[in-house]
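# Descriptive structure summary
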Amino acid sequence: MDDTVTSNLPGTRDLLPGEIDRWQLVEDRARRIFSQYGFLEIRTPIIEPTELFARGIGEDTDIVGKEMYTFVDQSNRSITLRPEATASVVRAYIQNTMYRGGGLTKLYYIGPMFRHEKKQKGRWRQFYQIGAEALGSDHPAVDAEMIEMALWLLESLGVKAKLLINSVGCSNCRPPYLERLRSELEQRLPGMCEDCRRRAATNTLRVFDCKVESCQPFIDRLPSITDNLCAECGNHFAGVRRHLEQAGISYEIVPRLVRGLDYYVRTAFEIVSGELGSQNAVAGGGRYNGLSEVLGGPPVQALGFAMGLDRLVMILPEEQRADFKWRPDVFLAYMGEPAFEKAGEIARELRHRGYSCYIDFSEGRLKGQMRLANKLNAEHVLIIGEDELSRGKYTIKRLADSRQWEVTIPELQDYLATLNRSI
RNA sequence: GUGAGCGUAGCUCAGUUGGCAGAGCUCUGGAUUGUGGCUCCAGCGGCCGGGGGUUCAAGUCCCCUCGCUCACCCCA
């Protein structure tokens, strides 16, 4: 059972027809809701120069440090399979001078991302995200609207989730805060875990992510960024909260929720679900006013979020999962070669008129074809035998109530038209 | 990278102190010559993940290995 040719790579998977309807439901809903908020789709390449992610995500992050799928191509360039899409979207925004008209640019994307991590519940090496980016404004209402949109998508799908928010300051208030944090950490560090000591040096804010029990008392007593915001950041955060409240959205402020990089500023948020096990984040996002400049573009105030489709599908309530099954409007059953040809002709005509038809090619007997029609949940079976062929009238049978009657093809079309099929 | 649990039919899983590899579902055929579902009958389907060892005898015990799953780190 371990043939390397007939096995997928670890952390990847096939999404089979039996479950794909749930994905389509989620994707369709997301597209509809995002477009209601004025977001337009963008599709960027799945591969990018490694440097884009190294700079756009940050050298100190786990993603860049150990999780990227990176290879050297035939032209000796270092290429990386995208571990997330924000850097690509900002790159495309700069490259295509989408900032030219001024104002707010709203974009969304759907697609696979890649991170070389060990598989866990809700964690894959190839996973899928739907995300949105709003570029060109620092207005707190933009933050609130984006959060509202993400929550509404989940709510409309019947998914229960909780919003966690924070503000991580900006280039004015963060450096003095970090200095204070480091000096307080210095005294406590000897009692803390190895990871904390490492993080204190490389990416200080990250010590707040620590989950080691013995570190918690230390962390709880550290000054929080939330209490050390400058006036502008404090006002911005208050604005976001006010707009959330006006939208009737409840939230929890989590001072420990941080995004560690310099160009991540102000709003940071996460949407979590209790049903996901250890990886409980369904969506995460934040503001990144400095990213465009880091990538060589103009200053652009922006924020975005990404939602994990795999995780969303996983926690989709059962009742959201059915309803979508494909079924043929007409299953064409035939007996004999001339009837087989006639079946093909009728099916072609019906399909061109927008109906879904199915023909069994096994050349089995009528019984077997009826059985297949039933298994496919066909709404009708059109029986084409020698009688029908010679008279030009066919037997149509409605499987739900077993009623059957004779029709000509024009009569069949009239009948089907009365059923109000959605095409 | 570290730790734990699990690998038996296409799927979900039984398999006792080591003693002829099983069930349900699916699939195929029949009961029913050109009529599905429900029922009944029959059938197909296995390197028990792989390799080595112990034993008269291993799905079962031991060692190695591969795979999967969950957890740690971190994140979607």
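Residues numbered from 1 in each chain as written. Chains lettered and ligands numbered in written order. Predicted model: local features only at pLDDT ≥ 70, side-chain atom pairs only at ≥ 80, totals over all residues. Heavy atoms only, no water.

### What to know about the protein's contact with RNA strand B
Around RNA strand B sit 47 residues, and of these Arg115, Arg123, Arg199, Ser278 and Ser402 come closest. Of all RNA strand B atoms lying within 4 Å of any protein atom, the proportion belonging to sugar or phosphate reaches 50%. Within the backbone of lysine 121, one N or O atom sits 3.2 Å away from a phosphate oxygen of RNA strand B. At the level of elements, helix H3 (62–67), strand E6 (126–135), strand E10 (281–287), strand E11 (302–308), helix H13 (366–375), helix H14 (386–391) and strand E15 (394–398) are the ones that each hand at least two residues to the surface near RNA strand B. If you tally residues by element for the surface near RNA strand B, the top one is H13, at six residues. Per-class residue counts for the surface near RNA strand B are 14 nonpolar, 11 polar and 22 charged. (Near = heavy atom within 4 Å. Polar contact = N/O pair within 3.5 Å; in protein donor to acceptor, adjacent residues only side chain to side chain. Helix = DSSP H or I, 4+ residues; strand = E, 2+ residues; numbered from the N terminus. Nonpolar A, V, L, I, M, F, W, Y, C, P; charged D, E, K, R; others polar.)

### Some words on the sheet that holds strand E16 (residues 403–407)
Strand order across the open sheet formed by five strands is E13-E12-E14-E15-E16, with mixed pairing between neighbours. With one partner strand each, in any of the chains shown, strand E13 (357–359) and E16 form the two edges of the open sheet. Averaged over all pairs of adjacent strands, the angle between strand axes in this sheet comes to 25 degrees, irrespective of strand direction. Relative to E16, E15 runs antiparallel, the two being bridged by five bridges. Within E16, the residue paired with isoleucine 396 across the bridge is tryptophan 405. Against the sheet, helix H12 (residues 337–352) touches strand E12 (330–334), E13, strand E14 (380–384) and E15, its axis set at about 160 degrees to E13. Of the strands in this sheet, E12, E13, E14 and E15 touch H13, which is tilted by about 170 degrees from E12. (Pairing = 2+ DSSP bridges. Axes fitted to C-alpha atoms, helices over the stretch in contact; angles between N-to-C directions. Contact = heavy atoms within 4.5 Å.)

### With respect to a nonpolar patch on the surface
Judged by side-chain polarity, Ile46, Ile47 and Phe71 come together as a nonpolar surface patch covering roughly 240 Å² of accessible area. Summarising the element assignment, isoleucine 47 is placed in strand E2 (residues 47–49). By relative accessible area, which is 41% here, isoleucine 47 ends up partly exposed. (Patch = residues over 30% accessible without salt bridge, like charges linked within 9 Å, V, L, I, M, F, W, Y side chains within 5 Å. Areas by Shrake-Rupley, 256 points an atom, 1.4 Å probe, with all protein chains shown as cover. Salt bridge = Lys/Arg side-chain N within 4 Å of Asp/Glu carboxyl O. Buried < 20%, exposed > 50% of the residue type's maximum accessible area, 1.4 Å probe, protein only.)

### A few points about the side chain of serine 167
Here serine 167 lies in strand E7 (residues 162–167). Overall, serine 167 belongs to the buried group, its relative accessible area being 1%.

### Overview of the domain arrangement of chain A
As far as domains go, chain A holds domain 1 (17–170 + 251–320) and domain 2 (330–418). Taking the mean C-alpha position of each, domain 1 and domain 2 sit 48 Å from one another. (Domains from an automatic or database assignment.)

### Some words on the sheet that holds strand E5 (residues 105–114)
Spatially, E1-E5-E6-E11-E10-E9-E7-E8 is the arrangement adopted by the eight strands of the open sheet, whose pairing is mixed. At either margin of the open sheet sits one strand with a lone partner, and together these are strand E1 (40–41) and strand E8 (252–253). Taken strand by strand, helix H1 (residues 17–36) contacts E1, E5, E6 and E11, and its axis lies near 5 degrees from that of E6. Along the sheet, helix H5 (residues 140–156) makes contact with E5, E6, E7, strand E9 (265–272), E10 and E11, crossing E11 at roughly 15 degrees.

### Concerning the pattern of salt bridges
Scanning the entire structure with this criterion turns up 16 salt bridges. Arginine 13 is the salt-bridge partner of aspartate 310, the closest N and O atoms lying 2.5 Å from each other. Of this pair, aspartate 310 sits in helix H11 (residues 309–314) while arginine 13 sits in the segment before H1, and the two are 297 residues apart along the sequence. The class for aspartate 310 is buried, based on a relative accessible area of 5%.

### Regarding the packing of aromatic side chains
According to the stated counting rule, one finds 12 aromatic pairs in the structure shown. Seen in terms of ring centroids, tyrosine 264 and tyrosine 288 are 6.4 Å apart; in terms of plane orientation they differ by 75 degrees. Their pairing is edge-to-face. Of this pair, tyrosine 264 sits in the loop between E8 and E9 while tyrosine 288 sits in the loop between E10 and helix H10 (291–294), and the two are 24 residues apart along the sequence. Looking at tyrosine 264, the relative accessible area reads 14%, which means it is buried. Centre to centre, the rings of phenylalanine 340 and phenylalanine 361 are 6.2 Å apart; their planes meet at 90 degrees, and the pair counts as edge-to-face. Here the residue phenylalanine 340 occupies a position in helix H12, and phenylalanine 361 occupies one in the loop between E13 and H13, the gap between them amounting to 21 residues. Members of the aromatic cluster, each reached through a chain of ring pairs, are Phe34, Tyr108, Phe269 and Phe305. Between the NZ or CZ atom of arginine 13 and the centre of the ring of tryptophan 124, over which it lies, the distance is 3.8 Å. (Phe/Tyr/Trp six-rings, centres within 6.5 Å; stacked < 30°, edge-to-face > 60°. Lys NZ or Arg CZ within 6 Å of the ring centre and 35° of its normal.)

### Quick word on the nonpolar core
Phe34, Phe39, Leu163, Phe208, Phe305, Met307 and Leu312 are the most contacted members of the largest nonpolar core, which totals 70 residues. Tallying contributions element by element places H5 first for this core, with nine residues. Dropping the residues within four chain positions of it, phenylalanine 208 is found in contact with Tyr177, Leu181, Ile219, Leu222, Pro223, Arg256 and Val258. Residues Ala54, Ala87, Tyr109 and Leu261 belong to the second largest nonpolar core, which totals 30 residues. (Core = buried A, V, L, I, M, F, W, Y, C linked by side-chain atoms within 4.5 Å.)

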